[in-house]
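Descriptive structure summary
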Amino acid sequence: QVQLVESGGGLVQAGGSLTLSCAASGNIFSINAMGWYRQTPGKQRELVAGITRGGTTNYADSVKGRFTISRDNAKNMVYLQMNSLKPEDTAVYYCRTTPTYVLGSSGYWGQGTQVTVSS
């Protein structure tokens with residue numbers, strides 16, 4: 001089992017910045033790829049950014065150039081630096097880890113943290 005705890009969400013004005021953090025604990029052998037997803041009411045959860053243990057990253061087109069994902073393998077932490085935030089970035093953001101090299105279908109989720117961007 002792996003536990004994921006997110007922090008750093010909140011309310012910010014459009015154009016502002018926030019940094020989300022996620023701490024992973026438990027069976028560290030199940031922690032490989034890590035990433036951030038987001039979800040708004042009535043919509044499917046979508047991938048925002050992913051990162052492999054070696055640091056290879058991928059981003060949703062909607063956040064490229066504005067968001068940066070990073071991780072600290074020694075601390076089992078993953079971060080999401082969000083700049084130039086837009087109202088459409090408002091969502092619940094979820095941390096995820098899977099035991100696979102890239103984010104797969106079987107893994108663990110955090111409880112989510114709300115990000116609200118006001119116009």
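What you see is a predicted model; the values in this text were computed from it and never measured.

So, the packing of aromatic side chains
This model, assessed by the stated rule, comprises two aromatic pairs. Seen from their ring centres, tyrosine 37 and tryptophan 109 are 4.9 Å apart, and the 70° between their planes marks the pair as edge-to-face. Taken together, the residues tyrosine 37 in strand 4 (residues 33-39) and tryptophan 109 in strand 10 (residues 108-109) connect sequence positions 72 residues apart. Taken together, a centroid distance of 6.3 Å and an interplanar angle of 85° make the contact between tyrosine 94 and tryptophan 109 edge-to-face. Here tyrosine 94 is found in strand 9 (residues 91-98), whereas its partner tryptophan 109 is found in strand 10, with 15 residues between them in sequence. Tyrosine 94 gets classed as buried once you look at its relative accessible area, which sits at 14%. With a relative accessible area of 36%, tryptophan 109 lands in the partly exposed category. Chaining the aromatic ring pairs together yields one cluster made of Tyr37, Tyr94 and Trp109. Over the aromatic face of tyrosine 94 sits the side chain of arginine 45, whose NZ or CZ is 3.6 Å from the ring centroid. Taking NZ or CZ as reference, arginine 45 lies 4.5 Å from the ring centre of tryptophan 109, over its face.

Some thoughts on the nonpolar core
Judged by nonpolar contacts, the single largest core of 26 residues is most densely connected at Trp36, Val48, Phe67, Val78, Leu80, Met82 and Tyr93. It is strand 3 (residues 18-26) that contributes the most residues to this core, four residues altogether. In this structure, tyrosine 93 is in contact with Glu6, Leu20, Trp36, Tyr37, Arg38, Val48, Phe67, Leu80, Met82, Gly112, Thr113 and Val115, ignoring residues within four places of it in sequence.

Here we look at the pairing of strand 5 (residues 46-51)
Looking at chain direction, strand 4 and strand 5 are connected through five bridges and run antiparallel. Among the inter-strand pairings, arginine 38 is bridged to a residue of strand 5, identified as glutamate 46. Joining the antiparallel neighbours strand 4 and strand 5 is a turn of six residues, in which glycine 42 adopts a positive phi near 80°. Two elements, strand 5 and strand 6 (residues 57-59), share three bridges in a ladder whose sense is antiparallel.

Details of the pattern of salt bridges
Going through the model one piece at a time under the given rule, you end up with four salt bridges. Among the salt bridges present, the one from glutamate 46 reaches arginine 38, with a minimum N-O distance of 2.7 Å. Owing to a relative accessible area of 37%, glutamate 46 belongs among the partly exposed residues under this scheme. Assessed through its relative accessible area of 7%, arginine 38 is described here as buried. Close ionic contact of aspartate 61 with lysine 64 constitutes a salt bridge, the shortest N to O distance being 3.1 Å. Exposure remark for aspartate 61: the relative accessible area of 65% places this residue in the exposed category. Each of Arg38, Glu46, Arg66 and Asp89 takes part in a single network of salt bridges with overlapping partners.

How each quantity is defined
- Residues numbered from 1 in each chain as written.
- Predicted model: local features only at pLDDT ≥ 70, side-chain atom pairs only at ≥ 80, totals over all residues.
- Heavy atoms only, no water.
- Phe/Tyr/Trp six-rings, centres within 6.5 Å; stacked < 30°, edge-to-face > 60°.
- Helix = DSSP H or I, 4+ residues; strand = E, 2+ residues; numbered from the N terminus.
- Buried < 20%, exposed > 50% of the residue type's maximum accessible area, 1.4 Å probe, protein only.
- Lys NZ or Arg CZ within 6 Å of the ring centre and 35° of its normal.
- Core = buried A, V, L, I, M, F, W, Y, C linked by side-chain atoms within 4.5 Å.
- Contact = heavy atoms within 4.5 Å.
- Pairing = 2+ DSSP bridges.
- Salt bridge = Lys/Arg side-chain N within 4 Å of Asp/Glu carboxyl O.

These values are about where atoms sit, not about what they do.
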